[in-house]
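Observations on the three-dimensional arrangement
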Amino acid sequence: MTEPSRFFCAEAARVRGDALAGTAPYGSVWILIEHRGGWPANGFDGLDLEPGVKARVYAAAAALRARMLLIRRHGRRTTSSSPPRWAVLRQYADGEHRQHWGTWRRDEDLGEIVEALDTPGEPGWPPVVLVCAHGTHDTCCAVRGRPVGRALSERWPELVWECTHVGGDRFAANVVVAPDGVYYGNLDGPTAVTAVGEHLAGRIHGDHLRGYTDLVPPQQAALAAVLRHAGPAGRHDYAIEETVRDHDRWYIRVTGRLTGLSTFEVEVRSHRTPPNRLTCRGLHAASSVSYEVTALHVGRTR
C-alpha cells in the first residue's frame, strides 16, 4: 500500500499560483523577545513566564496592536553567554523609525517592555531582518525558513534574527524588515540575499513583495504593481494619495514623492479563492481573499 505524500502548504500555494501582493498584516509596532530554547507552537503565549508579568506585557502589546515575536540567532540557541535581549521597534506615520533594546535574565525583567512601549525610543538604529523559522507552528516555516535564515545571517550577522510566526505560512520563506514594515515572501537563500541587499540599499522591488504593513491589502497590491512596472524605489518614495472602493474594486492613486517619479492610477479587484489547505497543520480547507491588479495607468511625472 502506497503511503500518501506529505503535504507542504508553501509548495501547494506555488502550484496554485496564490497571489503574494496584498498579504502583509497591519502593524507599526514590534516586540521582540530573544528565547533560545524551544519555541511553543503559539509563540509568546506558550512561554512559561510569571503570570503577572506575562499579562502586563500582553495587555500593553494588545493596546497598540503590536506584533510579539520570539527571536533567536541562527544556529545559536544555547551557545551565547550574553543575556537574552528584547526590543520594541516602532514606525511612526511620518516614516521615522525608533527602537528600544534591553536584556533580561528573570521574567520580571520583561516588565521593562511595558515601560518601553510608553517611550518614543531612539532613532538611528539599523533595521532588523526577521526570518520566520517557526517549525512548531508550521513545517514550511522551518523547511524553507531556516536555509534563508542561514544565508542572510552569513551576510548580515548583526541584523538577522530567526523569529516565530509572522503570518502567511504558505508564502514561506517569509522575511520581515522591521520597523520598516516590509514583508517579503516566496524566498529562498539567493533571492532572500538579493531582496534584503536591495532593501538595505533603498531599492524595494515588487517581486517577492507581500506588502507594507501601514497599508491595507488593495493598496499593498497596487504599490507592488507600481514597483514592478516602474522599477525599485525607497520605502517612502511613493504615497497612496487616494483610495476609492466600489464593491469588489478599488481605484487607487499612487504618487511618487521624488522628482522623476510618476503618479499611477491603479485598479485592483478582490475575489475569494476556492477553499484550499492554507497551512501544513490545517486539516480543513479555507478560502482567502486575493487581490489582482486589473489596470495600471501612468499619469503626471514630478
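Everything discussed here concerns the structure shown above.
Notes on the structure follow. (Residues numbered from 1 in each chain as written. Predicted model: local features only at pLDDT ≥ 70, side-chain atom pairs only at ≥ 80, totals over all residues. Heavy atoms only, no water.)

The tally for this structure, following the rule as stated, stands at 15 salt bridges. We note a salt bridge from Glu158 to Arg73, for which the minimum N-O separation is 3.9 Å. Of this pair, Glu158 sits in the loop between α4 (139–155) and β6 (160–163) while Arg73 sits in the loop between β2 (67–72) and β3 (85–91), placing them 85 residues apart in sequence. For Glu158, a relative accessible area of 60% corresponds to the exposed category. In this structure Arg73 comes out as buried when scored by relative accessible area, which is 10%. Ionic pairing is found between Arg106 and Asp109, a salt bridge with its closest N-O pair at 3.2 Å. By sharing partners, the salt bridges in this structure join Glu241, Glu242, Arg253 and Glu265 into a single network. (Salt bridge = Lys/Arg side-chain N within 4 Å of Asp/Glu carboxyl O. Helix = DSSP H or I, 4+ residues; strand = E, 2+ residues; numbered from the N terminus. Buried < 20%, exposed > 50% of the residue type's maximum accessible area, 1.4 Å probe, protein only.)

Here we take up the sheet that holds strand β11 (residues 249–256). Strand order in the open sheet formed by 4 strands is β10-β11-β12-β13, with antiparallel pairing between adjacent strands. The open sheet has two free edges, formed respectively by β10 (238–246) and β13 (289–301), since each of these has just one partner strand. Each adjacent strand pair in this sheet contributes to an overall mean axis angle of 20°, direction not counted. Inspection of the sheet shows β11 paired to strand β12 (residues 262–272) by 7 bridges, in the antiparallel sense. (Pairing = 2+ DSSP bridges. Axes fitted to C-alpha atoms, helices over the stretch in contact; angles between N-to-C directions.)

For Ala142, the position within the fold is in helix α4. Excluding residues within four positions of it along the chain, Ala142 makes contact with Gly135 and Pro147. (Contact = heavy atoms within 4.5 Å.)

Take the side chain of Gln220 next. Residue position: Gln220 is located in helix α6 (residues 217–230). Note on Gln220: relative accessible area 2%, which makes it buried. Apart from the residues within four sequence positions on either side, Gln220 is in contact with Gly22, Thr23, Ala24, Arg210, Gly211, Tyr212 and Leu215.

Generally speaking, a soluble globular protein has its nonpolar side chains buried in company with each other. Leu152, Val175, Tyr184, Tyr238 and Val254 are the most contacted members of the largest nonpolar core, which has 37 residues in total. Per element, the largest residue contribution to this core is 6 residues, and it comes from α6. Not counting the four nearest positions on each side in its chain, Leu152 is found in contact with Val129, Val131, Pro157, Val160, Val175, Ala192, Val193 and Val196. The next biggest cluster of nonpolar side chains, apart from the first, holds 22 residues, and it includes Ile31, Val53, Ala61 and Trp86. (Core = buried A, V, L, I, M, F, W, Y, C linked by side-chain atoms within 4.5 Å.)

Attention shifts here to the environment of Phe8. For Phe8, the position within the fold is in the segment before α1 (9–16). Judged by relative accessible area, Phe8 falls into the partly exposed class, the value being 25%. Linking Phe8 and Glu115, residues 107 residues apart in sequence, is a C-alpha distance of 41 Å.

Going from Ala172 to Ala173, the amide bond is cis rather than trans, its omega being 5°. On the secondary structure map, Ala173 appears in the loop between β6 and β7 (175–178). With an omega of 5°, the peptide bond between Ala178 and Pro179 qualifies as cis. Tracing the chain through its elements places Pro179 in the loop between β7 and β8 (182–184). Despite not being glycine, Arg65 has its phi angle at roughly 55°, a positive value. Here Arg65 shows up in the loop between α2 (51–63) and β2. Of the residues examined, Arg65 reaches a relative accessible area of 57% and is grouped as exposed. At His247, a residue that is not glycine, the phi angle is positive and equals roughly 60°.

Moving on: the sheet that holds strand β4 (residues 97–103). Read across the open sheet, the 9 strands follow the order β4-β3-β1-β2-β6-β5-β7-β8-β9; overall the sheet is mixed. In the strand order of this sheet, the two ends are held by β4 and β9 (209–212), each with one partner. On average, each strand axis in the sheet is inclined to that of its neighbour by 25°, with strand direction left out of account. With 4 bridges connecting them, strand β5 (residues 128–132) and β7 associate as antiparallel partners. In the sheet register, Val129 faces β7, and the bridge partner there is Val177.

In this section: the packing of aromatic side chains. Enumeration over the complete set of coordinates arrives at 4 aromatic pairs. Relative to Trp161, the ring of Trp101 has its centre 6.3 Å away and its plane inclined at 25°; by these criteria the two rings are stacked. Here Trp101, found in strand β4, pairs with Trp161, found in strand β6; they are 60 residues apart in sequence, far enough to count as distant. In this structure Trp101 comes out as buried when scored by relative accessible area, which is 17%. The ring of Trp161 carries Arg73 above its face, with NZ or CZ at 3.6 Å from the centroid. The cationic tip of Arg277 hangs over the ring face of Phe7; the distance from NZ or CZ to the ring centre is 4.0 Å. (Phe/Tyr/Trp six-rings, centres within 6.5 Å; stacked < 30°, edge-to-face > 60°. Lys NZ or Arg CZ within 6 Å of the ring centre and 35° of its normal.)

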